[in-house]
Each structure stands twice: as structure tokens, then as C-alpha cells.
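Here is how the chains run, residue by residue.
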Amino acid sequence: MRIDQVEQVYFVGIGGIGMSALARYFIANSLPVAGYDRAPSAITDALIELGAFIHFEDNVDLIPEQFRDKKSTLVIYTPAISEGHAELSYFISNEFVIQKRAAVLGTIANPKQGVAVAGTHGKTSVSTILASILNDWNDGCSAFLGGVSKNFANNFIASSTSDLVVLEADEFDRSFLQLTPRYAIITSLDPDHLDIYGSFNNLIKSFEQFITLIKRGGVLLINEKVRRLVRVPDYIKVFTYSINESANYRALNVTVEDGEFSFDAKLSDYTQIEHVKFGLPGRINVENALAALSMATIIGVDHETIKNALRNFKGVARRFDYQIKSDAVTYIDDYAHHPEEISTTLNSVRELYPNKKITGIFQPHLFSRTSDFASDFAESLSLLDELFLLDIYPAREEPIPGVTSRIIYDDVSLKNKTLCSKEELCALLEKSDVEVLLTLGAGDIDKTVAPIKEMLLKKYRVAANEN
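Description of the structure in this document. None of these values were measured; they are calculated from a predicted model. (Residues numbered from 1 in each chain as written. Predicted model: local features only at pLDDT ≥ 70, side-chain atom pairs only at ≥ 80, totals over all residues. Heavy atoms only, no water.)

**Quick word on the packing of aromatic side chains**
Argument step 1. This model, assessed by the stated rule, comprises 16 aromatic pairs.
Argument step 2. With 5.1 Å between their ring centres and 80° between their planes, Tyr-25 and Phe-26 make a pair best called edge-to-face.
Argument step 3. Look at Phe-26 and you get buried, because its relative accessible area is 2%.
Argument step 4. For Arg-182, the ring lying beneath its charged end belongs to Tyr-183, and the centroid distance is 4.9 Å. (Phe/Tyr/Trp six-rings, centres within 6.5 Å; stacked < 30°, edge-to-face > 60°. Buried < 20%, exposed > 50% of the residue type's maximum accessible area, 1.4 Å probe, protein only. Lys NZ or Arg CZ within 6 Å of the ring centre and 35° of its normal.)

Here it is as C-alpha cells:
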């Protein structure tokens, strides 16, 4: 079934960030959309407002009659859906046209000038920054993002005039191997998803395979640290970027002015974009901004457009996302769920608040990831002054015997640490002396953000208009 032949679409797992971007694409193209997800969320609420039919029980009887016509319905599912899912089994047994999310994304994007952003972390931030730059330039771009852009209040951007499409290229389940981009960025490469790949070496090989999918005449922009890990075919034009090492694109003279970063960007042709202002905290975000800036110049965006877009970039929901920012208390919500990401986030916070107590709430994501990186999680979380550690969020996985949050907790070097459930969290946190607080994780920890924020505002007598 070609995309232009699709009449209606049913999503199994419609509430995921990648799935919902595709749902928005089909809704924007005036196609009926329906689907299942495990629980309501802000994402599913928004899709329902746009006209999608969504239910929250795995029940074949709840599939709308209209979407039981296999000749006109494309079924899209996410690999996060567990085996034995009743609705997916129904579609399989009745021989519907069924495709994974990644395959559909490739079908939509591959005929266009794709700009694919890959990496074990950083890809959401870089792709969202780049989409913001491109949307301020000429005909703009389309974008399928792995987070909600605060500039657009969306994870999908549509353009009817531009052939450029920015894509988050996800390594999970080897999804990015469905893409054939014109341009590609690789931000980072650390051991992750070892339940899929088995070893770090296999993950590296998968990234090398992704590189070979770049179209002839295409361009790869790669973090200098990652360039040393992978082989790149001679026919691909490759540029490197870094803020710490020699590279084709570099951030120089990095300073903090009035709470925001300023830097000079040295370009591959030895010219510079001077006094670039970027408001997101942490040197990792300078590096993310540099990656987006560099690719924008490769594509041909003028320097003034780039500077203006970076100055006006508001960020990505759940990426160093300030919930409260006041003299009394600071509260930041972040998606970090890998030890390297947690260390990077905590070091950024420590740089911003060197003399304050830093309290973190962490929810491990996946039994397999917890098992693979328990000691690394313990080391990164030990950068905190106080830790509240929640139960593991299982997502798609069944429990692994002996794998609980306790295997992280026991190795955390802090004296001030607490193992608790989400239900106990607010009451325990209210008794703590909080100065800077972070919620960290990729599971359903986001559901704790609103009650924590409400409690902190009340406890520290911060008015909503003060933060």
C-alpha cells in the first residue's frame, strides 16, 4: 500500500512520541485516524481534539467499525507493543496491511531531502533546534520530532512548499535503517539498547550501516568523538563538530552572559559566526546548538537567520525543562534515562547552581537497561546531594528475576537516599529541604511533575507568576 493510496490509518500505540507525529501527519492530510494506547496523556488528548478516535483498553470490540476494512486501512504499530497484544493479533490474523512506525516514516521521508539526526542521546534536541532554524528560512521544512518543541507546541511540523524534512533517526529496534537521508547528523554513540544489539560493537555496526544509507552526494555531520568509532565510506562527504576538540566546526570563546551561553562558531571554510546567543543551560546544549548550526550552514542557511533562530529557541518539553525558577526553589524536569545523560544533566545543573543542594528523583526505564548499567547509574546518581529512587518502569518488558531499583540504590554512594514508590513520593519530598530539584527518567515519571510542582509552589510560597 503506497502512502498516496492510504484511505485511513489505525495506530497500535498511538500515544508514543514518534507514533503521534505520524498520526498528526495523516490528520494534516485529511485522513481518518484511530488507535489504541495504554493510558490517556496530553498527547492523546491533543490528537482527540484534532479528530482522532482513541481508546485505552486492548479490546478488539473497541476498534471502530470503519477501521475494520482491511482494503482501506493501514495499520501502524510501534515495537514497544508487547507480544500477544489482542488488537495487533486481530489485524495480523485478518491480513491487514501492517507496518512498523519506522517503515512508514521512511516511506514518507525517503523521496524528500531528508535530514536525519541520529545518536544514543542528543538527537531530539538537535533535530528540534535544526527544525526551528530551517523554519525561519526560505520555505521552511517538515519535521517528525522525538519531543514537543516549545516554539511550535508540537512534535510534527508540516510544510507544503519545502522538500526538506527533519527526522529523528532512532536506533532502537534498528529503526533508523529504514531511512535514506540526504543529510545526516550523529550526535553521540554510547552503549545502550543492549537488549536489542547484544553488544556495543553490534550497535556501532548498526550506526555504520545507517551511514551507508545516506544518499550518493549526501553529507554526514558527526561529533568528533564519534568519528573515531565508526567507518565512513569514501563516497560520503563528512564533517566533524566539537566544542572541546579539533574539528571542522567548533564552538569557540564559550561564555555565560546574563544566564545564557554565548559563543563564536568556527565554520569549515574558516569563517565565523560571532556572538551566537543560546539560552538553554549546559555545555551539552552549546554542542547541540553547534550541531544544528553546522548542518544549517551545510544546507545553505544564512548566518543571520541562524543567529536569530538560536536566540529565540525556547527548548523541548522534558529536556532541561524548568517547571519552577525562583529564588526560593528551582525545579527542572528532564528525560535523561541513560547514565551518560544523567551525568551530563547533573554536571550542567552543578555548573549553574554550584552552591546549592541538588535533589534528584529518578525512575529507571526498562529492566534490561537497569541490569546492564546498574553500576553506571549508581555512579551518575551519586553526583546528587539527595536521591529519591523510584521503581523500574517496565515499558515493553517483563520483569527480570533479581532486577529491581535496589541494585542501583545499594551502590549509590550518598548517605541521603530514599527508595520509594510514586505514591509515596510527594509526602516524602515535602519533608525534604529542597533547593534545586530534578525529575529524571523516560517512563511515566512525567505524571508526577504537576503534583510535585503544586506542592513546591505551596510549600515555598512561590506565586505562579514568579517562576
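Once the structure has been displayed, the description carries forward.
**Notes on the pattern of salt bridges**
Argument step 1. Under the defined criterion, the tally for this structure stands at 14 salt bridges.
Argument step 2. A salt bridge links Asp-192 to Arg-369; the nearest nitrogen and oxygen atoms lie 3.0 Å apart. Here the residue Asp-192 occupies a position in the loop between β10 (183-186) and α6 (194-197), and Arg-369 occupies one in helix α12 (residues 367-381), the gap between them amounting to 177 residues. Comparing Asp-192 with Arg-369 shows no difference in burial state: the two are buried.
Argument step 3. A salt bridge links Glu-245 to Arg-228; its shortest N-O distance comes to 2.8 Å. One end of the pair, Glu-245, is in the loop between β12 (237-242) and β13 (249-257); the other, Arg-228, is in the loop between α8 (224-227) and β12, and 17 residues separate them in sequence.
Argument step 4. Linked by salt bridges that have partners in common, Glu-224, Arg-228 and Glu-245 make up one network. (Salt bridge = Lys/Arg side-chain N within 4 Å of Asp/Glu carboxyl O. Helix = DSSP H or I, 4+ residues; strand = E, 2+ residues; numbered from the N terminus.)

**So, the packing of helix α5 (residues 123-135) against helix α9 (residues 283-299)**
Argument step 1. Contact geometry for α5 and α9: axes closest at 8 Å, N-to-C directions at 45°. Here α9 runs oblique to α5, going by the angle between their axes. Of the two elements, α5 crosses α9, and the hand of that crossing is right-handed. In this structure, α5 contributes Ser-125, Val-126, Ile-129, Leu-130, Ile-133 and Leu-134 to the contact, and α9 contributes Asn-288, Ala-289, Ala-291, Ala-292, Leu-293, Met-295, Ala-296 and Ile-299.
Argument step 2. Counted by class, the contact of α5 with α9 contains 12 nonpolar, 2 polar and no charged residues. (Axes fitted to C-alpha atoms, helices over the stretch in contact; angles between N-to-C directions. Parallel < 35°, antiparallel > 145°, perpendicular 65-115°, else oblique. Left-handed = near helix turned anticlockwise from the far one by under 90°. Contact = heavy atoms within 4.5 Å. Nonpolar A, V, L, I, M, F, W, Y, C, P; charged D, E, K, R; others polar.)

**A look at unusual backbone geometry**
Argument step 1. Even without being a glycine, Tyr-270 presents a positive backbone phi close to 70°.
Argument step 2. Looking at the element boundaries, Tyr-270 is found in the loop between β14 (260-266) and β15 (272-278).
Argument step 3. Unusually for a residue other than glycine, Leu-366 sits at a positive phi of about 85°.
Argument step 4. Residue position: Leu-366 is located in the loop between β18 (358-362) and α12.
Argument step 5. With a relative accessible area of 2%, Leu-366 lands in the buried category.

**Points about the sheet that holds strand β8 (residues 154-157)**
Argument step 1. The strand order across the open sheet built from 10 strands is β8-β7-β9-β6-β10-β11-β12-β13-β14-β15, with neighbouring strands paired in mixed fashion. Among the strands making up the open sheet, the edge pair consists of β8 and β15. Strand-to-strand twist across the sheet, computed as the mean angle between neighbouring axes with direction ignored, equals 20°.
Argument step 2. Across 4 bridges, the pairing between strand β6 (residues 113-118) and β10 is parallel. Across the sheet, Ala-116 pairs through a bridge with Ala-184, a residue of β10.
Argument step 3. Where α5 meets the sheet, its contacts fall on β6, β7 (142-149), β8, β9 (164-169), β10 and β15, and the angle it forms with β9 comes to roughly 170°. (Pairing = 2+ DSSP bridges.)

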